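Structural overview for review
Here are the chains, one letter per residue:
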Amino acid sequence: MSHDGVGSRAVLRSAAFLTAGALAVSLLAGCGSDEEESRPLAGQDIDLVARDKVAEGGTLKWAVDAVPETLNTFQADADAGTTRVAQAVLPSMFRLDAAGRPVANPAYLESAKVIETEPRQVVQYKLNQQAVWSDGREIGAADFVAQWRALSGRDSAYWTARNAGYDRIEKIERGANDLQVRVTFSRPYADWKSLFSPLYPKDVMGTPDAFNDGARRKLNVTAGPFKVEKVDTATKDVVLTRNPRWWGKPAKLNEIVLHAVDRDKRAAALADGTVDLADIDPAEAERINLASRQGGTGTPLQGAGKTSAKKLRSWALAHGFEADEVEVGKKKLRRAITRYLEQQEKLHAFDVRKSLEPAYTQLALNGAAGPLTDERVRRAVARAIDRAELAKLVLTPLGLPAVPVGSHLALSGQADYADNSGALGGPDTKEAAALLADAGWVLGGPVKEQKKAEKAAGAESAKKKEEESDGGDDGQYIVGEDDKGRDDKGKHHESAEEKGEKGDEGGKHLSRDGKQYSGGQGGAPGAYAPKGTAAPAGAVTGPLAKDGKALALRFVLPSGPGSETLNSVAERISAMLEKVGIRTTITKVSDESYFKDHVAAGDYDLALYSWPSSAFPATDARPIYAKPVPAADGSVNVEQNFTRVGTDQVDQLFDQAASTLDEDEARDLIRKADSRIWAAAGSLPLYQRPQLVGARNNLVNAGAFGFQTPVYEDMGFLKKGAKVSPSPSAG
């Protein structure tokens, strides 16, 4: 998960809410298995060429958010960088294709299939006879056994972040020969293809000490096209070099260097040659596109300082400079513009590759406290929001398909995808108003004077918000409030945020959505409307109220680099809610505290973050939507369900989907679960996250990968004289 996961416990809401079980069965039937399969909304954009067009050698410098804290993907602090290393240096029995579906990896597998279902499910893996670890030992049953024992959850000495699937294994044994591995399950497990990807050597998994500490900064034994040469925290590099024992098609590159670069410094890093490939935000993508246009950016620097400071500032603002960057002396501004133009000249050597990430951004509604404990209010919020408009807001300017996401559990193109949003219903302000009225929220009702900390209904720790937001009151604004922030002539006074503060799998990712970011999986979080922005035309002219309290929700957002998009989305959502009488107070908090202190802790009413899509939703999505359970210490275990909204029916459908070996039945169960998740209105999927990548022009087989797992051995630089073909032959 990202903002643009962490596990947590929070106090469960005290008020009961309506269950989704009252919905008509027809809404929950899901889609039949004979339905036409969906397709990915956007294909990958990697300048795909055949291997014979890729030059031998060279170093690819690839930007990551940070040097990974661990190289063990099964530890809690693993991140996107950890995954990238694992994909390049470790075996995976299955990887994802361009539609986000698992396919056997022929470098390691000849076959893998269920060979018995009674009395137990048995999966037989036939390994590639050439597959060996970098120390020369064959990959075999001993490695599978060590990983199972480490991740089974039976030995608490292993500090594992997850054990889903491995806890269902009863035994693992050698088959008819050393190349066969038989895995017997104690209970049927539909998502068995998710296991052993990646597969670590028994050297890492064999003991708790080796698992906990042995693979954090080094991996001595690997089995991919690359190996880990070194992790250098001083230079912020992870260096991967060719694996001389690799049996597959040899890597084209000599070296891949994963270099940590802050998100807001990516364009500069590309320009100065620090990196060749980097995920970028829309503003940096526009810089690269501008550099590639005929005539470049032009220059305001004429003669020996003849251009006025006013014109320089105007030009700088038009080219993406922040307001505080232009409010400097003329000489300093000229130097900054000179640096910018030099960078633009070097950015001619790059292009922008774009697709959609395998992650979506959602609006989370905290069902643990305040008005949103009432399902009618949550449904009203959802019905007031036009998701198609939000998708257009984010994706249309980028030239990407603007289609709202119709499922919590899969994305278009994946086998489990179906648009189940009809279980909740589309945008309808009249229906939203009716739901609010039914819940007792009345226009023009009496409102008691409240303390400042109580104004954000539903926030569990509202008393902390002033200290944690960036600048107290200056870090928030209430949509629809009147003329604060304007002088007696109606002129708006810029706040600190408006003058220069830049507001996320992921991510991520939630991503770091994914980030979650994920989580992460990363992400784009967004710009504020000026304080005192008038309510939109047609809006309810007074607040809705109940029991002396106005219907006001606290909308918490991150404030770090790249947050402009999420803030723009929040601004638009707030305007939509204003039309049905729901007031929102938007509060910015630091990126560091956003998930830990707000989303995970339940200190919000509304929030935006992203979840990565999974090819195995019965396993990976269950913790996100599981019904919160009281713990022995009196707290509530929410797993990753940060909305605190869940039902027994959804849990049962996930369990059933994970336990059937009939793929059609599993798909129908997942779709039914999704319909019930929609109906409960704890979260609202909005749009698939844009994936923008700045890449050196001659870099091929790399870029915006979309769903597909990268093929690291095929990455490289185009041979001189070769051209990128739209339909290359395999090589």
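Below you will find a few notes about this structure. (Residues numbered from 1 in each chain as written. Predicted model: local features only at pLDDT ≥ 70, side-chain atom pairs only at ≥ 80, totals over all residues. Heavy atoms only, no water.)

For the rest of this paragraph, the subject is the sheet that holds strand β4 (residues 109-116). Pairing within the open sheet is antiparallel, and its four strands lie in the order β4-β5-β7-β6. The strands lining the two open edges of the sheet, one partner per strand, are β4 and β6 (169-174). Each adjacent strand pair in this sheet contributes to an overall mean axis angle of 15 degrees, direction not counted. With six bridges joining them, β4 and strand β5 (residues 122-127) adopt antiparallel strand pairing. (Pairing = 2+ DSSP bridges. Helix = DSSP H or I, 4+ residues; strand = E, 2+ residues; numbered from the N terminus. Axes fitted to C-alpha atoms, helices over the stretch in contact; angles between N-to-C directions.)

The next subject is helix α20 (residues 663-680). The terminal C-alpha atoms of α20, which comprises 18 residues, lie 26 Å apart, in line with the 26 Å expected from a rise of 1.5 Å per residue. With respect to burial, α20 is a largely interior element, 13 of its 18 residues being buried. In the stretch just after α20, A681 is the one whose phi turns positive, near 55 degrees. (Expected span 1.5 Å × (residues − 1). Buried < 20%, exposed > 50% of the residue type's maximum accessible area, 1.4 Å probe, protein only.)

Across the interface, helix α10 (residues 375-384) lies against helix α12 (residues 429-438) with an axial gap of 8 Å and an inter-helix angle of 165 degrees. Considered as vectors, α10 and α12 are oriented roughly antiparallel to each other. Our pair here, α10 against α12, has a crossing hand that is left-handed. Between α10, through R376, V377, R379, A380, R383 and A384, and α12, the contact on the second element is made entirely by T429, E431, A432, L435, L436 and D438. Across the contact of α10 with α12, the residue classes break down as six nonpolar, one polar and five charged. (Parallel < 35°, antiparallel > 145°, perpendicular 65-115°, else oblique. Left-handed = near helix turned anticlockwise from the far one by under 90°. Contact = heavy atoms within 4.5 Å. Nonpolar A, V, L, I, M, F, W, Y, C, P; charged D, E, K, R; others polar.)

In this structure, S197 sits in the loop between β7 (180-185) and α3 (202-205). When the C-alpha positions of S197 and M93 are compared, they lie 5.5 Å apart, and in sequence the two are 104 residues distant. Those residues within four positions of S197 in sequence are excluded, and the remaining contacts are S92, M93, F94 and Y166. Within polar-contact distance, the side chain of S197 engages the backbone nitrogen of F94 at 3.1 Å. (Polar contact = N/O pair within 3.5 Å; in protein donor to acceptor, adjacent residues only side chain to side chain.)

Attention now moves to the nonpolar core. Residues M93, Y125 and F196 are the most contacted members of the largest nonpolar core, which totals 73 residues. The greatest single-element share of this core, amounting to seven residues, is contributed by helix α2 (residues 141-151). Contact partners of M93, with chain neighbours within four places excluded, come to V103, A104, N105, Y108, L109, Y125, L127, F144, L195, F196, S197 and L199. (Core = buried A, V, L, I, M, F, W, Y, C linked by side-chain atoms within 4.5 Å.)

Along the chain, L577 turns up in helix α15 (residues 564-578). The exposure class assigned to L577 is buried, which follows from its relative accessible area of 0%. Separated by 24 residues in sequence, L577 and L553 have C-alpha atoms that sit 9.9 Å apart. Contact partners of L577, with chain neighbours within four places excluded, come to V381, A384, I385, I582, T584 and L606.

This part takes up the packing of helix α19 (residues 648-659) against α20. The relative placement of two packed helices comes down to the angle between their axes together with the axis-to-axis distance. Here α19 crosses α20 at 165 degrees, and the two axes come no closer than 9 Å. In terms of axis orientation, α19 runs roughly antiparallel to α20. For the crossing formed where α19 meets α20, the hand is left-handed. For the pair α19 and α20, contact is made by Q649, V650, L653, F654, Q656 and A657 and by A666, L669, I670, K672, A673, R676 and I677, respectively. The class makeup of the residues in the contact of α19 with α20 is nine nonpolar, two polar and two charged.

This part covers unusual backbone geometry. For the bond running from E118 to P119, omega is -5 degrees, close enough to zero to count as cis. You can see P119 is positioned in the loop between β4 and β5. S197 connects to P198 through a cis peptide bond whose omega is 5 degrees. You can see P198 is positioned in the loop between β7 and α3. Despite not being glycine, K236 has its phi angle at roughly 60 degrees, a positive value. By secondary structure assignment, the location of K236 is in the loop between β8 (226-232) and β9 (237-242). Its relative accessible area of 45% is what places K236 among the partly exposed residues.

The subject of this paragraph is the sheet that holds strand β16 (residues 549-550). Ordered by their spatial adjacency, three strands build an open sheet running β13-β15-β16, and the pairing between neighbours is antiparallel. Of all the strands in the sheet, just β13 (442-443) and β16 have a single pairing partner and so form its edges. Relative to strand β15 (residues 544-546), β13 runs antiparallel, the two being bridged by two bridges. Residue pairing across strands places L443 opposite L544, the latter belonging to β15.

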